[in-house]
Structure formats: structure tokens, C-alpha cells
Amino acid sequence: QLDPENTGFIGVETFASLVHSHELPLDPAKLDMLVALAQGNDEGQVCYQELVDLISSKRSSSFKRAIANGQRALPRDVLLDETGLGIYKRFVRYVAYEILPCEMDRRWYFYQHRTCPPPVFMAAVTLTQIIVFLCYGARLNKWVLQTYHPEYMKSPLVYHPGHRARAWRFLTYMFMHVGLEQLGFNALLQLMIGVPLEMVHGILRISFLYLAGVLAGSLTVSITDMRAPLVGGSGGVYALCSAHLANVVMNWAGMRCPYKLLRMVLALVCMSSEVGRAVWLRFSPPLPASGPQPSFMAHLAGAIVGISMGLTILRSYEESLQDQCGWWVLLLSYGTFL
């Protein structure tokens, strides 16, 4: 009745009166987004297909383009100004501002976020690493620099270029750590950066990025530091961290996380210090007679994976990777390296 010519559009005022007169049970947040989208076109009209997409929790291609081009103004204050939120919703809002550079993306993620599935991958990896460390600490009666115990390197989890035939070691070395300091550093970064990333981008993307960094670490050690063993999840951790930091730099103006410059500097200092410590332990170990110490090349390989492949993954929030040419180029490059 309101669209006799079957154009698929009606005026925003007509739509507002329709919602009011029929008391339609629509999500107010989705209505705000629909009205904001209507304000972005010249005629100020509501599109029927965009209404259907929005109600079915999808964003049409035109909706994504409108977000990318910033063609419309927000109909109300930014998400950060909302009050009366519970603890969990405040945490979700914090994650949105930590990870996403666009206000409409933040609000979309905030209202569409579901507690299921939870970010189980990073939590499971961190918990497994802690359990393995405690088991070896109790078994060897050593908690600092466990690699200096002669029995430590006999573990079936440690990777060494001489054990390339045991293919599981290319990945399982991420559960072993040099000592308490390296474990604490990796666990802290995995929980502080990995969990929010997994909440926004999902378990498949983040687990792929993490494991790609781990695998790149062991392969890089195989060709650059052949006499050194390898332990620790630094390859995966540095893939996540470098991807996130690169994403922040690329979208610096849109990021609204507090003290972002100070936090960026602190993160770079901490990561550089960890690399320096690994280099020092590799070439100037406190106990030279204990044999070759773990390599530091996994840190660098993970960072390269994060800046290249990881940046593409994190910049593609809610977009299919398979539709992007750059993603296939990076995947082919990684496959060639593999």
C-alpha cells in the first residue's frame, strides 16, 4: 500500500509512522541503524531489502559500502556514552573500542555479539601451556630457565631441526617454555590481546593466524638456526600482536582506545625486550656447557606473518576473506614459504 509502484523504497517519515502505528517489535538499535542508513541516501528513503537484511542479522553490500564510505551520520551519541550497562556488556564495549576502528562497526558488533561460542581457543592454549609448564616444573624441580635442565630437551614436545621427521613437533613446541618469565609474558599477551581478537573475529580466523605464526616459527628455525631447539608460543603470540598493532597504526584516526600512543610504545618496548632477551640467551647463555639454547627466530617469523597475513584478516571484519584478492596472494605466498 505504501509502495504502489513496487520500487522497494518508502520515505523514512512514512516508515517511522508505520512502526509507531503498528507497534512493531523491532530492535531499537537495528531501527537506529536503518534510519541512519536512510539518512545516507539523497532521497532519505528506507530500503525494504535492507530492512530484511537487518532484521535477519545480516548486513547487505550496500550497508557495508555505506559504513566504509561514512556516508551517514550517527542518529545518536556514540556507543561509549551509553549508560546502565552490566559488567559483561561494558566488557564487550571495551573490546569493541579496542579492536574496531569504525563507530558503526563497534555498535554493530556490540548489539550483535553473542556469548556463544565463547573465546575458547586462546583460553585453552594458555591453560594447556600453564599445565605443561607446571608438570615439567614439578617433574624437574626447576621453575626458572627450565631449558638448562638436561632432561628438558628430551621432551617429545620440543622442536629441533634434527627431529623434522616427527612432524607433530612443528606445532607442539608452543606448549613448552624456557621458564616462568617467557610463560608469563606469552600468557599475558594471549589473554590481553588474543581473547579480544577472538571475540571480534571468531575462533577460526584467530586460531589460523596463531597456528600460522607457530608453524612459520619452526620452519624459519629449520633453515636459519639449524643447531638450536625451539620452545614457546612466541611465534603465534607475535603474529597476533604485530597484526593488531599494524591494524591500529593503519586505522590510527578511528581508534578510540585510551592512551593509544603510550600503549603502543609500551607494547613495542616489551616485545623488543623479549626478543633481545631471547637473543642474549641464544648467544650468551649463563651456562655455556648446557648446550645450544632455544632460537629467537620464531619471534621474527611470527611478526612477519602478523604484519602480512594477519593484517588482512583483522581488517576484514564481517567480510568474507575468500572474496579478497589480497588474501589469496598472501595465502599463496605463505604456501610457497611452507
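Remember, it's a predicted structure, so these values are computed and weren't measured experimentally.

The subject of this paragraph is the overall build of the chain. In terms of regular secondary structure, the chain is built from 14 helices and two strands. Looking at the chain as a whole, 48% of its 338 residues are labelled buried. Partitioning the intrachain contacts of the chain with sequence separation of at least 6 by distance along the chain shows that 72% fall at a separation of at least 24.

Another point: unusual backbone geometry. Within the chain, Tyr259 stands out as a residue other than glycine whose phi angle is a positive 55°. Of note, Tyr259 is situated in the loop between α11 (234–250) and α12 (260–283). By relative accessible area, Tyr259 is classed as exposed at 65%.

Its 17 residues give α11 an end-to-end C-alpha distance of 23 Å, which sits within 8% of 24 Å, the value for a rise of 1.5 Å per residue. With 15 of 17 residues buried, α11 is to be regarded as a mostly interior element.

What follows covers the confidence of the model for the chain. For the chain, per-residue confidence averages 82 on the pLDDT scale, and 88% of positions sit at 70 or higher. No element of the chain has a lower mean pLDDT than helix α4 (residues 61–69), at 50, and none a higher one than helix α8 (residues 169–172), at 94. Within the model, the stretch residues 67–76 combines pLDDT values under 50 with 25 contacts to residues more than four positions away or in other chains.

Scanning the entire structure with this criterion turns up seven aromatic pairs. Ring geometry for Phe208 against Trp327: centres 5.9 Å apart, planes inclined by 65°, an arrangement best described as edge-to-face. Of this pair, Phe208 sits in helix α10 (residues 203–224) while Trp327 sits in helix α14 (residues 325–337); the two residues are 119 residues apart in sequence, bridging distant segments of the chain. Here the guanidinium or amino end of Lys89 rests over the ring plane of Phe110, the centre of that ring lying 4.1 Å away. The ring centre of Phe283 lies 5.4 Å from the NZ or CZ of Arg282, which sits over that ring.

Feature annotation in UniProt places "active site" (unreviewed entry) on Ser234 and His299, given in this structure's numbering. For this annotated set, covering 66 residues, all C-alpha atoms fall within 5.5 Å of each other, a compact arrangement in space. Summarising the element assignment, Ser234 is placed in helix α11. Ser234 sits in the buried class, given a relative accessible area of 1%. Apart from the residues within four sequence positions on either side, Ser234 is in contact with Gln182, Asn186 and His299. As for its position among the elements, His299 is in helix α13 (residues 297–314). Excluding residues that lie within four positions of it along the chain, His299 makes contacts with Ser234, Tyr238, Glu274, Val275 and Ala278. Polar side-chain contacts of His299 include one of 3.3 Å to the side chain of Ser234.

A surface patch of nonpolar side chains, about 440 Å² in accessible area, is lined by Val249, Trp252, Leu261, Val265 and Val269. Of the residues forming the nonpolar patch, the biggest block, three residues, is contributed by α12. Inspection of the secondary structure assignment puts Leu261 in helix α12.

Further remarks concern the environment of Thr7. Along the polypeptide, Thr7 turns up in the segment before β1 (9–11). For Thr7, a relative accessible area of 43% puts it in the partly exposed group. C-alpha of Thr7 to C-alpha of Cys47: the two residues are 40 residues apart in sequence and 9.0 Å apart in space. Separated by 3.3 Å, the side chain of Thr7 and the backbone nitrogen of Phe9 make a polar contact.

Let's shift gears to the nonpolar core. Side chains of a nonpolar character, in soluble globular proteins, are inclined to be buried together. One finds Phe15, Tyr109 and Tyr210 to be the most contacted residues of the largest nonpolar core, which totals 85 residues. Among the domains, domain 1 (9–59) and domain 2 (120–337) are the pair contributing at least three residues each to this core. In this structure Tyr210 touches Phe121, Met122, Val125, Gln129, Met174, Gln190, Gly233, Gly236, Val237 and Leu240, once residues within four positions along its chain are discounted.

Mapped onto the present numbering, the UniProt feature "transmembrane region" (unreviewed entry) falls at residues 120–139, 170–191, 203–223, 235–254, 261–283 and 295–314. Across residues 120–139, the secondary structure splits into 100% helix and 0% strand, with the terminal C-alpha atoms separated by 28 Å. Helix makes up 100% of residues 203–223 and strand makes up 0%, while its end C-alpha atoms are separated by 30 Å.

The next point concerns the packing of α11 against α13. Packing of α11 against α13 leaves a shortest axis separation of 6 Å and a crossing angle of 45°. As far as their axial angle goes, α13 and α11 are oblique. Considering the relative orientation of α11 and α13, their crossing is right-handed. Side by side, α11 and α13 meet where Ser234, Gly235, Tyr238, Ala239, Ser242, Ala243, His244, Ala246, Asn247 and Met250 of the first sit next to Ala298, His299, Gly302, Ala303, Val305, Gly306, Ile307, Gly310, Leu311 and Leu314 of the second. Taken together, the residues that form the contact of α11 with α13 break down as eleven nonpolar, nine polar and no charged.

What counts, and where the lines are drawn
- Residue indices begin from 1 for each chain and proceed along its sequence in written order.
- Only residues with pLDDT of at least 70 get local features here, since the model is predicted, and only at 80 or more are side-chain atom pairs given and counted; chain-wide, interface and lining totals rely on the full set of residues.
- Water and hydrogen atoms were dropped before computing side-chain values, which therefore reflect all heavy atoms in the structure.
- Secondary structure elements are defined from DSSP: runs of H or I of at least 4 residues count as helices, runs of E of at least 2 residues count as strands, and each element is numbered from the N terminus.
- Each residue is placed in one exposure class: buried if its accessible area under a 1.4 Å probe, protein chains only, is under 20% of its type's maximum, exposed if it is over 50%, and partly exposed if it falls in between.
- Whether two residues are in contact is decided by their heavy atoms, any of which lying within 4.5 Å being enough.
- How far a helix is expected to stretch is found by multiplying one less than its residue total by 1.5 Å.
- Summary of the metric used: pLDDT quantifies the predictor's per-residue confidence within the range 0 to 100.
- Only the six-membered ring of Trp is used, alongside the rings of Phe and Tyr, when aromatic pairs are assigned; centres must lie within 6.5 Å, and planes under 30 degrees apart are stacked while those over 60 apart are edge-to-face, with the rest tilted.
- Any Lys NZ or Arg CZ found within 6 Å of a ring centre and within 35 degrees of that ring's normal is scored as a charge over the ring.
- UniProt positions are given in the numbering used here, feature names are shortened, and annotations may be inferred rather than shown by experiment.
- In protein, a polar contact requires one atom able to donate a hydrogen and another able to accept it; more generally it is a pair of N or O atoms within 3.5 Å, and residues adjacent in sequence count only if both atoms are side-chain atoms.
- Patch definition: residues with relative accessible area over 30% and no salt bridge; like charges joined within 9 Å; nonpolar side chains (Val, Leu, Ile, Met, Phe, Trp, Tyr) joined within 5 Å.
- Here the accessible surface of atoms and residues is derived via Shrake-Rupley with a 1.4 Å probe, and residues count as covered only by protein chains that are part of the display.
- The salt bridge criterion pairs a side-chain nitrogen of Lys or Arg with a carboxyl oxygen of Asp or Glu, the two atoms within 4 Å.
- Put simply, buried Ala, Val, Leu, Ile, Met, Phe, Trp, Tyr and Cys residues joined by side-chain atoms within 4.5 Å make one nonpolar core.
- Reported domain spans reflect what an automatic or database domain assignment gives.
- Think of each axis as a best-fit line through the C-alpha atoms, taken over the contacting stretch in the case of a helix, with angles from 0 to 180 degrees between the N-to-C directions.
- In what follows, roughly perpendicular refers to angles from 65 to 115 degrees, roughly parallel to angles under 35, roughly antiparallel to angles over 145, and oblique to any angle outside these ranges.
- Take the far helix as your reference; a near helix turned counterclockwise from it by less than a right angle gives a left-handed crossing, and one turned clockwise gives a right-handed crossing.
- Under the scheme applied, nonpolar residues are Ala, Val, Leu, Ile, Met, Phe, Trp, Tyr, Cys and Pro; charged residues are Asp, Glu, Lys and Arg; polar residues are all the others, including Gly.

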